[in-house]
Amino acid sequence: MTAVEPAPAAGTTYVADPRRWRILATVQVLGFMSLLDVSIVNVALPSIRSDLAISTETAQWVVSGYTLAFGLTLVASGRLGDAYGRRRMLLIGLGAFVASSMLVGLAPTPELLIAARLAQGAAAGILSPQSTGLIQQLFRGAERARAFGRFGLTISLSSAVGPLVGGLILGVAGGPEGWRWIFWVNVPIGLVALVAIARTLPPKPREPDADGRVDVPGSLLLGLSVLCLLYPLVGVRSGIGWSMLLAPAAVLVGWAFLRWERHTQAAGRPPLLDVALLRRLPGYGIGIAVGATYVTAFTGITLVLSVHLQEGRALGPLETGLLLTPLAVGAAVIAPVASRGLGVLGRRITVLALLVMIAATLATALAVPGRGDTALWWVLVPLLLVAGLGGGAVIPPNFTLTLAEVPPAMGGAAAGVVQTAQRIGSSLGSALLMTAYGLGGPDPGQALRVALLVAVAVLLLALALAVGAARAGRRTPASAG
C-alpha cells in the first residue's frame, strides 16, 4: 500500500525549491527543540518539587500545562501559517519560545512557573505546524515521504532522548536550582535558529487565496473540553471529588464543539477542525486517532519511569537519563527502516510496531518491580531498547500516511490537527499514568506495575485502531499499489 499523491490545484505547477533539504534541516531543529521540552522536564520534576516545595499534583501541571497549551494553539497557528506565511509565524513563535523559556528558568514560585510553562507551550504550538506545513509545501511524491520520515524520526527522538538530555544538564549544573538550566539552554539555541530561519526560509509572505480568520469560539470549546477531561485526572489524587463531575461535561462540550465546527463551515468561515476533511480522507481521521492514543501511553510511560527511578529508587537524574536512553537508541535505529518499508507494508508497519511496544511494556511491568539496582540495568535496559524499536516505528509511518492525501494548501492546519490530538494525548497520558502510579499503593514497585498495565491497556486501544486502519486501507482501491 502506498500513499496517493493529491493532484495539484488547477493552474498551479510544482517547482522543486533547491533549498528544500536545508529548510527541512532547520525545521527539524525547531521541531526537536519544542518537542524536547515535553519530555525533558520529566527527569527534572523531582528537583523542581524539592526546590519550589510543590505537591505532586501541582508538578503534574508543569508537564500537562505545557502540552495542553501546545496542543490548543496548533490548529489556529497552522491556519495562520497557511494564510500569512510560515516564515513569519516561525519567527514570531520562536521569539516567544525563547522569551518564555527564559521566564520558566527564572520563575520564583509554582504559580509563575506554571504560567510561564503555559506561555512556552503556546509558543511551541505556533512553531510546530509551520514545520509540517513547509514539508507539505516543498516536497512531493517519494521526496515527501522521505521528508516526513525524517521529521517523524525527529519527533520520536525528541520524546525519547529528553530524559537523557535533562539528566546530563542536571548532572553538569548541579545544585538545588540546576533544573533551571534545562529551560535556559533553549535561549542560545533559539537565537541561532532565529538567524537561520531569517536567512534560509523562503520570504513568501502569504499563501494565495488563503483565509486567515481563526475560529476563536471553536478553539475555546476545544480547550474547555480537554480541560474537563484533564482536571479530574489530576484532581482525583487530591481528593477533589467534585472534579469528577467535569468528566461527563467533557462529552457535552465536545459535542458542542463539533456542532459549532459544522455551523462555522456551513456559514463559509474557516473551521478549527474540518469535519468534511475527516469524511473525505478516512486515512486522515484514523491516523489522528492512532497517533493520539499511542502518544497518550508513551508520554505517560516516560514520565512514570523518570519519577519512579528518582523518587522510588533514589537514583540521580543522570543515571535515570542513562537508563532511559535505550528508548531513544531503539527509535533512532528503527525509524528510517520503518519509513523505507512504508511503500511495501503500509499501515501494517504500525500494527507490528504496536505489538512490539505492547510486549515490551508488559514485560517491563512484570519483570522490573522488585529488582535490585544492579539487576535493574540488565533487565530494564534491553526491555526499553525493544520498546524503543516498537515506538520508533509508530509515529514516522503514521505521520506520513495520515497527511499523505492532504492538499498542500491545507497542510499547516491539517498537520496542526494531527499534532493537537497528539499533544492532548500527551497531556492526558501524563495525568492518567501519574494518577495510576499514585493510586498503586505505597510500594513503588507495585505502583509502577499498575501504571504500566494502564499504559498497556491504552496501547491495546491504539492497536485496535491501527488494525482497523490497515483493514480499511486494503479495502480502499485508491490507497492500493
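Residues numbered from 1 in each chain as written. Predicted model: local features only at pLDDT ≥ 70, side-chain atom pairs only at ≥ 80, totals over all residues. Heavy atoms only, no water.

## Comments concerning the overall build of the protein chain
From N to C terminus, the protein chain includes 19 helices and 0 strands. Considering the protein chain as a whole, with its 481 residues, one finds that 57% of them fall into the buried category. Partitioning the contacts of the protein chain with sequence separation of at least 6, the portion at a separation of at least 24 is 82%. (Helix = DSSP H or I, 4+ residues; strand = E, 2+ residues; numbered from the N terminus. Buried < 20%, exposed > 50% of the residue type's maximum accessible area, 1.4 Å probe, protein only. Contact = heavy atoms within 4.5 Å.)

## Remarks on the pattern of salt bridges
As enumerated under the stated definition, the model contains 5 salt bridges in all. For the salt bridge of Asp-51 with Arg-180, the shortest nitrogen-to-oxygen distance reads 3.7 Å. Within this pair, whereas Asp-51 is found in helix H2 (residues 45–52), its partner Arg-180 is found in the loop between helix H6 (141–173) and helix H7 (181–184), the two being separated by 129 residues in sequence. A relative accessible area of 7% means that Arg-180 is categorised as buried. Ionic pairing is found between Glu-177 and Arg-180, a salt bridge with its closest N-O pair at 3.6 Å. Salt bridges sharing partners connect three or more residues here, namely Asp-51, Glu-177 and Arg-180. (Salt bridge = Lys/Arg side-chain N within 4 Å of Asp/Glu carboxyl O.)

## Observations regarding a nonpolar patch on the surface
A surface patch of nonpolar side chains, about 530 Å² in accessible area, is lined by Leu-168, Leu-318, Leu-322, Trp-377 and Trp-378. Elements supplying a minimum of two residues to the nonpolar patch: helix H13 (317–340) and helix H16 (373–391). Topologically, Leu-322 is positioned in helix H13. On the basis of relative accessible area, Leu-322 is assigned to the partly exposed category, the value being 41%. (Patch = residues over 30% accessible without salt bridge, like charges linked within 9 Å, V, L, I, M, F, W, Y side chains within 5 Å. Areas by Shrake-Rupley, 256 points an atom, 1.4 Å probe, with all protein chains shown as cover.)

## Considerations on the packing of helix H1 (residues 20–39) against helix H5 (residues 110–138)
Relative orientation of the contacting elements H1 and H5 amounts to 155°, with a least axis distance of 9 Å. Relative to H5, H1 is oriented roughly antiparallel. For the crossing formed where H1 meets H5, the hand is left-handed. Between H1 and H5, the contacting residues are Arg-20, Ile-23, Leu-24, Val-27, Ser-34 and Asp-37 on the first element and Arg-117, Gln-120, Ala-124, Leu-127, Ser-131, Leu-134, Ile-135 and Leu-138 on the second. Classifying every residue of the contact of H1 with H5 by side-chain character gives 8 nonpolar, 3 polar and 3 charged. (Axes fitted to C-alpha atoms, helices over the stretch in contact; angles between N-to-C directions. Parallel < 35°, antiparallel > 145°, perpendicular 65-115°, else oblique. Left-handed = near helix turned anticlockwise from the far one by under 90°. Nonpolar A, V, L, I, M, F, W, Y, C, P; charged D, E, K, R; others polar.)

## Describing the nonpolar core
Judged by nonpolar contacts, the single largest core of 128 residues is most densely connected at Tyr-284, Tyr-294 and Leu-403. Per-element accounting of this core gives the leading share, 14 residues, to helix H12 (residues 282–312). Ignoring anything within four residues of it in the chain, the contact list for Tyr-294 reads Leu-354, Met-357, Gly-391, Val-394, Ile-395, Leu-459 and Ala-462. (Core = buried A, V, L, I, M, F, W, Y, C linked by side-chain atoms within 4.5 Å.)

## Notes on the environment of Met-33
Within the secondary structure, Met-33 is located in helix H1. Residue class for Met-33 comes out buried when judged on its relative accessible area of 5%. Counting along the chain gives 91 residues from Met-33 to Ala-124, while the straight-line C-alpha distance between them is 8.8 Å. Residues within four places of Met-33 in sequence aside, it is in contact with Leu-94, Phe-97, Asn-186, Ile-189 and Gly-190.

## Some details on H1
For an α-helix, the turn length of 3.6 residues means that residues three or four places apart are oriented alike. Taking 1.5 Å per residue, 20 residues should reach 28 Å; H1 reaches 29 Å between its end C-alpha atoms and fits that length. The buried fraction of H1 is high, at 15 of 20 residues. (Expected span 1.5 Å × (residues − 1).)

## Focus on the packing of aromatic side chains
If you walk through the whole model with that rule in mind, you get 4 aromatic pairs. Seen from their ring centres, Trp-181 and Trp-184 are 5.0 Å apart, and the 90° between their planes marks the pair as edge-to-face. Residue Trp-181 and its partner Trp-184 are both found in helix H7; the two are separated by 3 residues, about one turn of the helix. Taking relative accessible area as the criterion, Trp-181 reaches 48% and is therefore assigned partly exposed. (Phe/Tyr/Trp six-rings, centres within 6.5 Å; stacked < 30°, edge-to-face > 60°.)

## Focus on helix H17 (residues 395–403)
Most of H17 is tucked away: 9 of the 9 residues are buried. Taken together, the buried positions of H17 are occupied by Ile-395, Pro-396, Pro-397, Asn-398, Phe-399, Thr-400, Leu-401, Thr-402 and Leu-403.

## Quick look at the side chain of Thr-26
By the element assignment, Thr-26 lies in helix H1. Take Thr-26: its relative accessible area is 12%, and that puts it in the buried class. Setting aside anything within four residues of it in sequence, one finds Thr-26 in contact with Ala-196, Ile-197, Thr-200 and Leu-201.

## Comments concerning the packing of H1 against helix H3 (residues 56–84)
Each packed pair of helices is defined by two parameters, the angle between the axes and the distance between the axes. At a closest axis distance of 8 Å, the pairing of H1 and H3 adopts a crossing angle of 145°. When H1 is examined against H3, the residues Ser-34, Leu-35, Asp-37 and Val-38 are found in contact with a partner set consisting of Val-63, Tyr-66, Thr-67 and Phe-70. Of the residues contributing to the contact of H1 with H3, the split by class is 5 nonpolar, 2 polar and 1 charged.

## Structural notes on the environment of Gln-120
In this structure, Gln-120 sits in helix H5. Along the sequence, Gln-120 and Gly-93 sit 27 residues apart, while their C-alpha atoms lie 9.5 Å from each other. Setting aside residues up to four positions removed in sequence, Gln-120 forms contacts with Asp-37, Tyr-66, Phe-97, Ser-100, Ser-101, Val-104, Phe-183 and Asn-186. Within the structure, Gln-120 has its side chain in polar contact with the side chain of Arg-117 (distance 2.9 Å). (Polar contact = N/O pair within 3.5 Å; in protein donor to acceptor, adjacent residues only side chain to side chain.)

## Digging into unusual backbone geometry
The backbone of Ala-53 shows a phi angle near 55°, a positive value even though the residue is not glycine. Mapping Ala-53 onto the fold places it in the loop between H2 and H3. If you check the backbone angles, Ala-314 has positive phi at about 60° while not being a glycine. Residue Ala-314 is classed as exposed on the basis of its relative accessible area, which comes to 65%.

## So, the confidence of the model for the protein chain
Per-residue confidence for the protein chain gives a mean pLDDT of 80; residues scoring 70 or more make up 86%. Below pLDDT 50 for its whole length, residues 1–11 participates in 25 contacts with residues either more than four positions away or in separate chains. Contacts for the low-pLDDT stretch residues 476–481, under 50 throughout, to residues beyond four places or in other chains number 8 contacts. (pLDDT = per-residue confidence, 0-100.)

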